[in-house]
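Notes for the structure review
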Amino acid sequence: MNLLNIFRIQPEKPSFDRDRTLTVKGVAILMLLFYHLFHEAEALQRLNVNYAPFSEKVFLTLAGFGNLCVGIFVFLTAFGICRKLEAREVKGAAANSPATNTPLASASGACSNAGKNPALRIAMKEACKRAGKLMGNFLILYLSAIVFFCRSLDLAGLYGPGKQGFLYGIADALGLAALFDTPQMNPTWWYMSLAYALIFLVPLLRAAYKKVGPALIPIVFLVTLLVSMDEGLATYAPTAALGIWAAEERIPDRLSEQKKLSPDAWILPLLLLILMVPLRQNFYVQESFLPVVDAFAALLVVWVAGGLLHRIPVLRQVLQFLGKHSMNMYLIHTFFYLMVWQPYVYQFRYWFVTYLILIGLSLLYSMILEGIKTGGRFLISEMKEKVTKP
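Residue indices follow the written sequence of each chain, beginning from 1 at its first position. Local features are withheld for residues below a pLDDT of 70 in this predicted model, meaning they are given only at 70 or higher, and side-chain atom pairs are given and counted only at 80 or more; totals for whole chains, interfaces and linings count all residues. As a rule here, side-chain values come from all non-hydrogen atoms in the structure, and water together with hydrogens is ignored.

1. Details of the layout of surface pockets
- Approximately 1,400 Å³ is the volume attributed to the largest pocket.
- Along the wall of the largest pocket there are 36 residues; nearest its centre are K25, K84, R130, K133 and M327.
- A run of H or I in DSSP becomes a helix once it reaches four residues, and a run of E becomes a strand once it reaches two; helices and strands are each numbered from the N terminus. Listed by contribution, the elements that provide at least two residues to the lining of the largest pocket are α1 (18-38), α4 (69-95), α6 (118-148), α10 (191-212), α16 (315-324), α17 (326-339) and α19 (351-388).
- All residues other than Ala, Val, Leu, Ile, Met, Phe, Trp, Tyr, Cys, Pro, Asp, Glu, Lys and Arg, Gly among them, are scored as polar; the first ten of these are nonpolar and the last four charged. Residue composition of the lining of the largest pocket, by class: 15 nonpolar, 8 polar and 13 charged.
- In the cavity and pocket records, a cavity denotes points on a 1 Å grid over the protein atoms alone where a 1.4 Å probe fits but cannot get out, a pocket denotes an open set with protein on both sides within 12 Å along at least 5 of 7 lines, and lining residues are residues with an atom within 4 Å of a point. Grid points are joined across faces, edges and corners, and a volume is the space filled by probe spheres set on the points. As a volume, the second largest pocket reaches approximately 640 Å³.
- Lining the second largest pocket are 22 residues; nearest its centre among them are V27, L30, M31, F65 and L273.

2. Details of helix α11 (residues 216-226)
- When a residue's accessible area, from a 1.4 Å probe over protein chains only, is under 20% of the maximum for its type it is buried; when over 50% it is exposed; and in between it is partly exposed. Within α11, the full set of buried residues consists of L216, I217, V220 and T224. Projection of α11 onto a plane perpendicular to its axis shows the buried side chains occupying an angular sector of 105°, all on one side. When the buried face of α11 is taken as reference, the exposed residues oriented beyond 90 degrees from it are L225 and L226.
- Note on contacts: a residue pair qualifies if any of its non-hydrogen atoms lie within 4.5 Å across the two residues. Where the residues of α11 are buried, they touch α10 and α12 (231-248). The arc in question is the one traced by the directions running from the helix axis out to the C-beta atoms.

3. Considerations on the side chain of T21
- Relative to the elements of secondary structure, T21 occurs in helix α1.
- By relative accessible area, T21 is classed as buried at 16%.
- In this structure, T21 is in contact with F16 and L76, ignoring residues within four places of it in sequence.

4. Considerations on a positive patch on the surface
- A contiguous patch of positive charge on the surface is contributed by R18, K84, K133, K324 and R377.
- In this structure, R377 sits in helix α19. To count toward a patch, a residue needs a relative accessible area over 30% and no salt bridge; like charges are then connected within 9 Å, while nonpolar side chains (Val, Leu, Ile, Met, Phe, Trp, Tyr) are connected within 5 Å. Residue-level accessible areas treat just the shown protein chains as cover; the underlying method is Shrake-Rupley with a 1.4 Å probe. Take a side-chain nitrogen of Lys or Arg and a carboxyl oxygen of Asp or Glu: if they are within 4 Å of each other, that pair is a salt bridge. Counting rule for charge: Lys and Arg are taken as positive, Asp and Glu as negative, and neither His nor the chain ends is counted. We put the charge of a Lys on NZ, of an Arg on CZ, of an Asp on CG and of a Glu on CD.

5. Quick look at the pattern of salt bridges
- Counted by the stated rule, this structure contains 11 salt bridges.
- The closest approach of N and O atoms between R46 and E42, which form a salt bridge, is 2.9 Å. With R46 and E42 both in helix α2 (residues 41-46) and 4 residues apart, this pair spans about one turn of that helix.
- Using a relative accessible area of 49% as the deciding quantity, one classes R46 as partly exposed.
- Measuring nitrogen to oxygen at the nearest pair gives 3.8 Å for the salt bridge that ties E126 to K129.

6. Comments concerning the packing of aromatic side chains
- To pair, rings of Phe, Tyr and Trp, with the six-membered ring standing in for Trp, must have centres within 6.5 Å; the planes then decide the type, stacked if under 30 degrees apart, edge-to-face if over 60, and tilted in the middle. Under the counting rule described, the total for this entry stands at 29 aromatic pairs.
- Among the aromatic residues, those joined into a cluster by ring pairs are F34, F38, Y51, F54, F59, Y350, W351, F352 and Y355.
- The ring of Y350 has R349 lying over it, and the distance from NZ or CZ to the ring centre is 5.9 Å. Here, over-ring charges are defined by two tests on the NZ atom of lysine or the CZ atom of arginine: distance to the ring centre within 6 Å, and angle to the ring normal within 35 degrees.

7. Quick word on the packing of α6 against α19
- Between α6 and α19, the least distance of the axes is 11 Å, while the angle of their chain directions is 115°. Here α6 and α19 pass one another in a crossing that is right-handed. Along its contact with α6, which presents N137, I140, L141, S144, A145 and F148, the element α19 presents Y365, L369 and K373.
- Of the residues assigned to the contact of α6 with α19, the class counts are 6 nonpolar, 2 polar and 1 charged. Interaxial angles span 0 to 180 degrees and are taken between N-to-C directions of axes, which are lines fitted to C-alpha atoms, for helices over the stretch in contact. Note on convention: near helix rotated counterclockwise from far helix by under a right angle means a left-handed crossing. Clockwise means right-handed.

8. Looking at a nonpolar patch on the surface
- A cluster of nonpolar side chains, contributed by V212, I219, L222, V223, L225, L226 and V227, occupies part of the molecular surface with about 640 Å² of accessible area.
- In terms of residue count, α11 provides more of the nonpolar patch than any other element does, 5 residues in total.
- Its location among the elements puts I219 in helix α11.

Laid out in structure tokens, this is it:
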């Protein structure tokens, strides 16, 4: 085997699969951490951050662009849900093919499904399972944060006394605080309300897409303008609609299906990405057009990360590893850089050292947490096996 092949760009299978999604998530979490660390000029001065070799304006612009990370996660969520629903439908169609169905079974199935939408009904059942899994994982992370940061947290002061405090604490522990507008231990956890909403909204929007096609995108945008709704949902609903369109029309697959990736193939997407940075950070875009620009900017990052960066070995493995831990890193990093360990994270002044410290702390926390969860599942399975044995 030629060792030089390890560092050469290799063609990949064209399907935009889970591995490519993890690569994009890895890029998104890096953007998120960079944004939160460095997007405020006042914080850069107060914490004495050295942002050389960049000027302050360029550095703040790059950091601000990192806020696109939420749009990327929303795009991938909508895209992934649609792909899973499609896979389930294909599997169900194969199981119910004429070769495996009798005329009587087909007739009875037609009668039982008359006037109903079984695909949507199944999709909503899957949404309930997905929401329950998300809630369970978040609860474990919430409890781990209480244990790890207990000396720095004032839960009684945050939630209040008595029954009120208990109910507020339960809402926060389940990731529902932003939905009920109750106190949150961590301000970053507002994203949980958006995540829950997307889990149930995307199947409905996908069903609408089956009826109206790409017209869904402007329809969703107009609805967010005309109907009063949660700010996060209004901002990212168009991105979710674009993710549904991308999944149904195989857009990421088409962008990454080129067998041989010549240097020329990098020019257009990278040029568009460079131009997107000042466009998105423009004041007027931020004030009025961010939902639309974020939707297409997220698709552009998916193209660059999943279609191009994914083909580079070593880099691909690093990004995928970060992508696997991206949700935990998203939900826990605020404790380190802002709430509890800020002096330690920023103590070395140089931006790239600070950046690496936050990446390392967030990733290490996630790895330990996942290790504990794996060990817990193993112990539970062992206990169940002992109980079921005669």
